[in-house]
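This is what each chain is made of:
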Amino acid sequence: MIDTSFVLAAAWTRGDRLGLVGLVITIIGFLLAIFQLQRTVRAAEATHEVLVRSSRTQMLFLLPQFRQIETELDYAIRSDQGRELAPRILASYAHLANEVAGMIEVYGLADAETVTLLRTSSRTASEAKDQLFVTRKKVVEVTRVFRQELAAVSVHISQVMTTQQQQVLGRTGRTS
Amino acid sequence: MNVLTFEQKAEYVARLLHLSRSGKLGWAAVSEHSFTVHLGRSFVELLARDEDDVHPYLLQIFRADGTLLTQVSSEDRPDPAAPNDALEERFLLELGRLYADAKRRALRIDEAVAEVFADLDDLDTP
């Protein structure tokens, strides 16, 4: 029986052999590219996971500040220095609310309603701060709407905090 | 050191607002919440301290060589020995208006709005 592959190979020209080598190199190149692509995708997924985890941890440090701001504003309202204290408290809140809303949006850490509440209350805080300068109304009056919104935010933030604590503790295996 | 009295600060802001609204000041943006204008032998920078476009505003007045001469702020108040509620109210109102006018001119907001409507006009043309 004649070995056909030997006959065919014997009939190959130098150009045919070079073509075969080129084909093999191309296939290996494709395989390497696919392998590298898979590694890149896995690395990107891992990076995203790390970012989400670190943002959850960061949120756990930021969220208690909402309670602190509420307490400070209550103090400012009762204090003789309320007009001096309140603008800084309101400015801090406006920045904090925007920062947390941004993190929630980017990493999907809570629902859209929480983000809307945070953004709205941030604007209201800035408006109240403005009013403290241009009107002679009392701090308690100027901050009335803001305090109502802050109460609503606090409810949502408590829920977000519970969820984030569960997520962070669950990931580190410290479920209790 | 208080270079200007409260009354002088109020007058400075009022005159700056008048010039700005007359289009005589070439405001430029330093950032989204900070604007500057050269006035000849001096220049000023006006900014929203908390970067939120509302009070408190800070107006810093510099000499031409860049040294800070003095600053005017939403937190400035008349001398407690001679309170002047009307002047204080006007000062705060005008400082806010000056910031709004400076921002509108520095960021060319009116031109941008005109372009947006011009686009609609173009599309509406049969």
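Computed from a prediction, not measured in an experiment: that's the story for all the values here.

The next subject is the overall build of chain B. Along its length, chain B carries 3 helices and 5 strands. Expressed as lengths along the three principal axes of its C-alpha atoms, the size of chain B is roughly 70 × 35 × 25 Å. Looking at chain B residue by residue over its 126 residues, the buried ones come to 40%. Expressed as a percentage of contacts within chain B between residues at least 6 apart in sequence, the contacts between residues at least 24 apart total 42%. On chain B, roughly 7500 Å² of surface is accessible, and the fraction owed to carbon and sulfur atoms is 52%. In chain B, the 14 positive side-chain charges and the 24 negative ones have mean positions that sit 8 Å from each other.

A few words on the pattern of salt bridges. What the rule picks out here adds up to 16 salt bridges over all chains. A salt bridge links Glu88(B) to Arg136(A); the nearest nitrogen and oxygen atoms lie 3.7 Å apart. One end of the pair, Glu88(B), is in helix H2 (residues 85-106); the other, Arg136(A), is in the loop between helix H5 (112-134) and helix H6 (139-142), on a second chain. Where Arg104(B) meets Asp110(B), a salt bridge forms, and the shortest distance between an N and an O atom there is 3.0 Å. Owing to a relative accessible area of 40%, Asp110(B) belongs among the partly exposed residues under this scheme. A single network of salt bridges, built from pairs that share partners, joins Lys129(A), Arg49(B), Asp50(B), Asp52(B) and Glu75(B).

Here the focus is the packing of aromatic side chains. Centre distance and the angle of the planes are the two values used to describe a pair of aromatic rings. Evaluated as defined, the whole model comprises 6 aromatic pairs over all chains. Summarising the aromatic geometry, the rings of Phe66(A) and Tyr93(A) are spaced 5.8 Å apart at their centres and angled 80 degrees between planes, so their arrangement reads as edge-to-face. Of this pair, Phe66(A) sits in helix H3 (residues 64-78) while Tyr93(A) sits in helix H4 (residues 82-107), and the two are 27 residues apart along the sequence. According to the relative accessible area criterion, Tyr93(A) is buried, its value standing at 0%. Note on Phe35(B) and Tyr99(B): the rings are 5.6 Å apart at their centroids and 65 degrees apart in plane angle, and the pair reads as edge-to-face.

As a further point, take unusual backbone geometry. All names here are of chain B. The omega angle of the peptide bond from His55 to Pro56 is 5 degrees, so this bond is cis rather than trans. One can find Pro56 in the loop between strand S3 (42-48) and strand S4 (57-63). Phi angles above zero are rare outside glycine, and Glu51 is one such case at about 55 degrees. Relative to the elements of secondary structure, Glu51 occurs in the loop between S3 and S4. The exposure class of Glu51 is exposed, given its relative accessible area of 52%. In this structure, Arg108 is a non-glycine residue whose phi angle is positive, near 50 degrees. Structurally, the position occupied by Arg108 is in the loop between H2 and helix H3 (109-124). Classification of Arg108 by relative accessible area gives exposed; the value is 53%.

Before going further, it helps to spend a moment on the interface of chain A and chain B. Taken together, the contact between chain A and chain B spans 9 residues of the former and 14 residues of the latter. Roughly 1100 Å² of surface becomes buried between chain A and chain B when both sides are summed, with 50% attributable to carbon and sulfur atoms. When the buried surface of chain A facing chain B is broken down by residue, Lys129(A), Phe133(A) and Arg136(A) rank first, second and third, together holding 51% of it. As a salt-bridge pair, Asp52(B) and Lys129(A) come within 2.9 Å of each other at their nearest N and O atoms. On the surface where chain A and chain B come into contact, there are 6 residue pairs in polar contact (both at pLDDT 80 or more). Counting only elements with at least two residues in the side of chain A that touches chain B, the list comes to H4 and H5 of chain A. Ranked by the residues each element gives to the side of chain A that touches chain B, the list is headed by H5(A), at 5 residues. In terms of residue class, the side of chain A that touches chain B is built from 3 nonpolar, 2 polar and 4 charged.

Further remarks concern helix H2 (residues 14-62) of chain A. Counted at 1.5 Å a residue, the expected span for H2(A) with its 49 residues is 72 Å, and the 71 Å between its end C-alpha atoms agrees. Turning to H2(A), its buried residues number three or more, namely Val52(A), Ser55(A), Arg56(A), Met59(A), Leu60(A) and Leu62(A).

Looking now at the confidence of the model for chain B. Put simply, chain B has an average pLDDT of 95, and 99% of its residues get 70 or more. For this predicted complex, the interface confidence score (ipTM) comes to 0.79, while the overall pTM stands at 0.74.

Parameters and conventions
Here the residue index of a chain counts from 1 through its sequence in written order. The naming scheme follows written order: chains are lettered A onward, ligands numbered 1 onward. This being a predicted model, a pLDDT of at least 70 is required before a residue's local features are given, and a value of 80 or more before pairs of side-chain atoms are given or counted; all residues contribute to the totals for chains, interfaces and linings. With hydrogens and water stripped out, all remaining heavy atoms of the structure feed into the side-chain values. Only DSSP runs of H or I covering at least 4 residues are called helices, and only runs of E covering at least 2 are called strands; the numbering of each starts at the N terminus. Buried, partly exposed and exposed residues are distinguished by accessible area as a fraction of the type maximum, computed with a 1.4 Å probe on protein chains only: under 20%, between the cut-offs, and over 50%, respectively. We call two residues contacting when some pair of their heavy atoms lies within 4.5 Å. Only the protein chains shown count as cover for residues, with accessible areas throughout obtained via the Shrake-Rupley method and a probe of 1.4 Å. Residues scored as charged are limited to Lys and Arg (positive) and Asp and Glu (negative), so that His and the chain ends carry no count. Where a charge lies is defined by one atom per residue type: Lys uses NZ, Arg uses CZ, Asp uses CG and Glu uses CD. Each salt bridge in this description consists of a side-chain nitrogen of Lys or Arg and a carboxyl oxygen of Asp or Glu lying within 4 Å of one another. Aromatic pairing here means that ring centres of Phe, Tyr or Trp (its six-membered ring) are within 6.5 Å. Orientation follows from the plane angle: under 30 degrees is stacked, over 60 is edge-to-face, and everything else is tilted. A quick way to say it: buried area is the sum, across both parts, of accessible area lost when two parts are put together, with a 1.4 Å probe. For the purposes of these results, a polar contact is taken to be a pair of N or O atoms within 3.5 Å, where, inside protein, one atom must be able to donate a hydrogen and its partner to accept one; residues adjacent in sequence count only when each atom of the pair is a side-chain atom. Three classes are used, and their members are as follows: Ala, Val, Leu, Ile, Met, Phe, Trp, Tyr, Cys and Pro are nonpolar, Asp, Glu, Lys and Arg are charged, and the others, Gly among them, are polar. To estimate how far a helix should extend, the number of its residues minus one is multiplied by 1.5 Å. Scored from 0 to 100, pLDDT reflects the predictor's confidence in each residue.

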